[in-house]
Amino acid sequence: MKIGLFIPCFMNELYPEASMATYKLLQKLDFDIEYPTNQTCCGQPMANSGCSKDVKSLAINFVNNFKKYDYIVAPSGSCVTMVKEHYATFFNHDDIDYNKVKTSIYEITEFLHDVIKPENLNFSQLSFPHKVGLHNSCHGHRALGLGSPTELNIPYNSKLENILSLVPNIELVELNRRDECCGFGGTFCVTEDAVSTAMGRDRIQDHIDSNVEVMTGADMSCLMHLQGLINRENKKLKVLHIAQILLGKDK
Amino acid sequence: MTSKELILDKIRKNNIVPKADLPEYDNFGITYENKFEEFSKILQTVGGDAISTSKEKLDEVILSLYADEKVIVSNVEESKLGNFIANDESDPHNLKHIDLAIVKGQFAVAENGSVWLKNNDNRHRSLYFIAQNIIIVVKKSDILNNMHEAYEQISFEDKGYGVFVSGPSKTADIEQSLVIGAHGPKSGYVIFID
Amino acid sequence: MASHPINATKYVANDERMHWHDKALWFVREKRDKAAHGIPEWEQLRSYASTIKTHTMNKLDYYLEEFEKNASAKGIKVHWAKDGVEHNEIVHKLLKERSVTKLVKSKSMLTEECHLNPYLEQRGIEVIDTDLGERIVQLRNEPPSHIVLPAIHLKKMDVSDTFHEHLGTEKGNDDPTYLTRVARASLREDFLTAGAGLTGVNFAISETGGVVVCTNEGNADMGASLPKLHIASMGMEKIIPRLKDLSVFTRLLARSATGQAITSYTSHFHQPVEGGEMHIIIVDNKRAEFLANEKYRQALNCIRCGACMNTCPVYRRSGGHSYEHVIPGPIGSTIAAFKEPEKHSSLPFACTLCGSCTNVCPAKIDLDSQLYNHRQDLAQAGHLPTSKMLSMKIMTYLFNRPKLLDFAGYVGRKVVPKLPKFLIYNKFNVWGKTRDIPEFPEHSFKELYAKMQKEEREENDK
């Protein structure tokens, strides 16, 4: 089984540690993983700005890079959503390569939960004795179904919680607003920076009010925005990508 | 071209909305072990209350709730408290002094604490709103589970007017504070009789 | 040109009030959640609502004609208005012919859309908005900021000041019960002296020719049943096929709007009062255009519950007036961008595409997809700022050239950490206004991976 590792553009440049954690997590599970070096960006920033026409070349490049893998795994719910939901317009509906890519692409925790399955995972050698707040990033949560959105009348579920609770001594803390948006929203964070900042601050305060020590999530873009506010305002809150916790990084 | 023709023409041109079959609602919808209990619970949350009594004790119960009301209208044959005949007035404005209206409800709906009022022999529908207080009298056997069951009982082939009433009038428009008594009655009860 | 970000920035600046507004609306969202989670078949109800609306829009012409036929048979007169101006003309004519000088009006977003009040007032007719929230904003001469809770942006002291000025209440007395009682007395006089009552329409039933109006205050009924003339204004998309379909909508509407199981009054008007007249005005005003557009047609399925704005994190923190459109929030943004794209080009971007609105919509309207699609349409039509388009073109250029991208990243990681703060944090760095930039690492993941691969190869060669 060959896995293609898809690292979001900004994670490659700015968050190599979280990217490497994803790689090493998969490596630990004895997979044959490859990182195709011609990958660049899924095109989400352009598409969200209205320039999805410009994304076509990126989409074609993406499918070409990844079509040979049995699974494609990425540490980002929003990038995976981009490929699954917004690439269709660039391909014929019966395009074999795109259809294969679309159905074999996963966010890392989703992959661990749905493909490997929790009962086959072993994190017993780890210990993370900290109060952890889970930030449910919107695309992963609502578009990929990583968790049950609070708006819907459906049974409670959280793939991220299910995986995290396998880590010994971890204490998952309940927040006041379990799945409210952090306000990153792509270019929204600069075009509507006042509201974006207000939303981010409120998310941070929710974690602080709930006595969280470490904030985690499956989307580095949200965490980047929140970390930026935490640092500027000297808040006592550590931020880690979920892959880092699962690999055994201590806070 | 009249506006009607213009509008219908525009609708017909380029309408790409797909076809869809309308649903049916038989055996659909929440049901309750104890409909009266559910009904009362909800009615209490909206400023009303439900009481169960016999038709003989109806007026006694009403007087225990409203001892001092002066002008009372009743279109319920089990009550003798009416001292003003609303139906005799041709102008609904003359109903403005009514303190208490005792009206008949066709049936109650457990899921939302509402009662359906459709009294074709009630001359002025404004009676239900212009009275300062209201009592709705329903038969104990006339409680339904949900709105699907309710609409099975309703027809407008004979024109008319009907209204689901759930509690007295209310508003929360001032900083979200619930105030019971807006423009309709400022208090209300539902009394179930056998 | 309407600009949400500029208005929102001002709103956010009053931190205390912004948080108060956010909490007030979140509370309504929580009440809605409680109600929705109390009905096991809730998600099925939403599917039914979506199906009923789709079915109806597919045959809208048929259902409207049936509606007119059935209403007329009950002695109700039906009028058709192609736009807002014609709607206002019809209303005015009806009032003038009957020498009505005072009109009481219950909540109708349609009449806001048509700007009915100023039209009538300019022609000598006094218009009294009787919904308490609407009355408050009317006295303050401002538009409503929410379609169901028109005065949600006001604190009780604001209302107290307004009532003191216009209704003579005690100065400084902001007790909601006291203020409501005064409004009750004042508006009761208006109901009793009005020559006509105008209501909106929540649902129009094709099968029976009647209309349904839902209120908590009882103002629609007081207004429609005391004067001899009742006018009901409806957007043509309010039509539903059968009486029994109301069972679905009456179960969804109030729960979605405020978390109540049902409004205090759900009135079914099927004839005028004794000796009176009832008129219904069916309004198009650019609704028909939606039927031809696959991307936006579902916007017509809206039952005006307001759930989408209650859940929208952006609406809650920027307030309805920031949208500069009669209907704010997610549904308002998609409708506005469809009808007047250039004027409202900032609205589809007043959104993080979080998807919460789509999940709370009782009619399952694909709101977040519509806002995403509007962004593409706006870009295509050239309504987006050049600077934005340019930066996207630059990014695309880079992303199409992996080696160039790698080089740019390499340079960035070498240079940025060494730059003095004032070069990083200045007015050109909007991110840096309130956030620190991320720490630039020494190597990219790609560089680390390449190094790792090289070391592995060297190991294997040994």
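Note that the structure is a prediction, hence the values are computed from the model and not measured.

### Looking at the overall build of chain B
- When helices and strands are tallied, chain B shows 5 helices and 11 strands.
- Its C-alpha atoms give chain B principal-axis dimensions of roughly 65 × 45 × 40 Å.
- Relative to its full complement of 194 residues, chain B shows a buried share of 47%.
- Taking contacts inside chain B between residues at least 6 apart in sequence as the whole, the part at least 24 apart equals 71%.

### Details of the overall build of chain A
- Secondary structure assignment for chain A yields 13 helices and 8 strands.
- For 251 residues, the compact-globule formula gives about 18 Å, and the C-alpha radius of gyration of chain A, at 18 Å, lands near that figure.
- Seen through its principal axes, chain A has C-alpha atoms that stretch 50 × 45 × 40 Å.
- When each of the 251 residues of chain A is scored for burial, the buried share is 58%.
- Here the contacts in chain A between residues at least 6 apart in sequence split such that 76% fall between residues at least 24 apart.

### Some thoughts on the arrangement of the chains
- Among 2 pairs of chains with at least one contact, chains B and C form the most extensive contact set.
- One finds no contact between chain A and chain B; the C-alpha atoms of the two approach each other to within 14 Å at their closest.

### Observations regarding the interface of chain C and chain B
- Each partner contributes residues to the interface: chain C has 69 residues there, and chain B has 64 residues.
- The residue inventory of the side of chain C that touches chain B, partitioned by class, reads 30 nonpolar, 23 polar and 16 charged.

### Examining the domain arrangement of chain A
Residue and element names in this part refer to chain A.
- Taken domain by domain, chain A consists of domain 1 (2-116) and domain 2 (123-247).
- Taking the mean C-alpha position of each, domain 1 and domain 2 sit 21 Å from one another.
- Every contact between the two is made by 26 residues of domain 1 and, on the other side, 22 residues of domain 2.
- If you list the elements that add at least two residues to the side of domain 1 that touches domain 2, you get α2 (16-28), α3 (44-48), α5 (77-86) and α7 (108-116).
- At 6 residues, the largest contribution of residues to the side of domain 1 that touches domain 2 is made by α2.
- Tallied by class, residues from the side of domain 1 that touches domain 2 come to 11 nonpolar, 10 polar and 5 charged.

### Focus on the sheet that holds strand β7 (residues 229-235) of chain C
All names here are of chain C.
- Read from one edge to the other, the open sheet built from 6 strands follows the order β1-β10-β7-β4-β2-β3, with strand pairing classed as parallel. A single partner strand is all that each edge strand has here, and the edge strands are β1 (76-81) and β3 (126-129). Sheet twist, expressed as the average angle between the axes of neighbouring strands with direction ignored, equals 20 degrees.
- Where strand β2 (residues 102-105) lies against β3, 4 bridges are found, and the strand directions are parallel. When the sheet's bridge partners are listed, Val104 is paired in β3 with Ile128.

### Remarks on the interface of chain C and chain A
- Listed by partner, the interface residues are 56 residues for chain C and 56 residues for chain A.
- Counting residues per element, the side of chain C that touches chain A draws most heavily on helix α18 (residues 386-399) of chain C, at 7 residues.
- A class-by-class count of the residues in the side of chain C that touches chain A yields 31 nonpolar, 15 polar and 10 charged.

### As for the nonpolar core
- Grouped together as the largest cluster of nonpolar side chains are 268 residues, with contacts concentrated most on Val73 of chain A, Ala101, Ile102, Ile136 and Val190 of chain B together with Met234 and Ile282 of chain C.
- Once residues within four sequence positions are removed from consideration, Ile102 of chain B is found in contact with Ile62, Ile72, Val73, Ser74, Val76, Ser79, Leu81, Gly82, Ile135 and Val137 of chain B.

### A few points about the sheet that holds strand β2 (residues 32-34) of chain A
All names here are of chain A.
- Ordered in space as β2-β1-β3-β4, the 4 strands form an open sheet in which the pairing is parallel. Each edge of the sheet is formed by a strand with only one pairing partner; in this case those strands are β2 and β4 (105-107). On average, adjacent strands in this sheet sit at an angle of 30 degrees to one another, irrespective of strand direction.
- Pairing geometry for strand β1 (residues 2-5) and β2, over 3 bridges, is parallel.

### Focus on the environment of Ser72 of chain C
- Following the sequence through the fold, Ser72 of chain C ends up in helix α4 (residues 60-73).
- Along the sequence, Ser72 of chain C and Gly210 of chain C sit 138 residues apart, while their C-alpha atoms lie 9.8 Å from each other.

### Overview of unusual backbone geometry
All names here are of chain A.
- Positive phi is not limited to glycine here, since Lys117 has a value of about 80 degrees.
- What makes Lys117 exposed here is the crowd of 10 C-beta atoms within 10 Å.
- We note that Asn234 has phi near 50 degrees; this positive angle belongs to a residue other than glycine.
- Residue placement: Asn234 occurs in the loop between α12 (220-232) and β8 (238-241).

### Quick look at the pairing of β1 of chain C
Residue and element names in this part refer to chain C.
- Burial within β1 is extensive, with 5 of its 6 residues counted as buried.
- Here β1 runs beside strand β10 (residues 277-283); their pairing, made up of 6 bridges, is parallel. Following the sheet pairing, Ala81 is matched in β10 by Val283.

### Focus: the environment of Glu69 of chain B
All names here are of chain B.
- With respect to the secondary-structure elements, Glu69 resides in the loop between α3 (58-65) and β2 (72-74).
- For the pair Glu69 and Leu127, spaced 58 residues apart in sequence, the C-alpha to C-alpha distance is 16 Å.
- With near-sequence residues (within four places) excluded, Glu69 lies in contact with Asp99, Leu100 and Asn133.

### Focus: the environment of Ser3 of chain C
- Checked against the element boundaries, Ser3 of chain C lands in the segment before α1 (4-13).
- Its 15 C-beta neighbours within 10 Å are what place Ser3 of chain C among the partly exposed residues.

### Comments concerning the packing of helix α11 (residues 193-209) of chain A against α12 of chain A
All names here are of chain A.
- At their nearest, the axes of α11 and α12 sit 10 Å apart, and the two run at 80 degrees to each other. If you check the angle between α11 and α12, you find them roughly perpendicular. On the side of α11, the interface is formed by Thr197, Gly200, Arg201, Arg203 and Ile204, while α12 contributes His225, Leu226, Leu229 and Ile230.

### Concerning the pairing of β1 of chain A
- As defined by bridge partners, β1 of chain A adjoins strand β3 (residues 71-74) of chain A across 3 bridges and the pair is classed as parallel. Of the residues in β3 of chain A, the one forming a bridge with Ile3 of chain A is Tyr71 of chain A.

Rules of the game
Going along each chain's sequence as written, the residues are numbered from 1 onward. Numbering of ligands from 1 and lettering of chains from A proceed in the order in which they are written. Note on the predicted model: pLDDT of at least 70 is required for a residue's local features to be given, and 80 or more for side-chain atom pairs to be given and counted; whole-chain, interface and lining totals, by contrast, use all residues. Going along the chain from the N terminus, every DSSP run of H or I of four or more residues is numbered as a helix, and every run of E of two or more is numbered as a strand. Every C-beta atom is placed from the backbone, and the number of other C-beta atoms within 10 Å of a residue's own sets its class: buried at 20 or more, exposed at 12 or fewer, partly exposed in between. Residues are defined as contacting one another if the C-beta atoms placed from their backbone atoms lie within 7 Å. The size measure is the radius of gyration over C-alpha atoms, and the globule rule it meets is 2.2 Å times the number of residues to the 0.38 power. Three residue categories are used. Nonpolar comprises Ala, Val, Leu, Ile, Met, Phe, Trp, Tyr, Cys and Pro, charged comprises Asp, Glu, Lys and Arg, and polar comprises the others, including Gly. Domain limits in this description derive from either an automatic procedure or a database domain assignment. Pairing between strands requires that DSSP locate at least two bridges from one strand to the other. Between the N-to-C directions of two axes lies an angle of 0 to 180 degrees, each axis being a line fitted to C-alpha atoms and, for a helix, fitted only over the stretch in contact. We call a set of buried Ala, Val, Leu, Ile, Met, Phe, Trp, Tyr and Cys residues a nonpolar core when their C-beta atoms link them within 7 Å. We call two directions roughly parallel when the angle between them is under 35 degrees, roughly antiparallel when it is over 145, roughly perpendicular when it lies between 65 and 115, and oblique otherwise.

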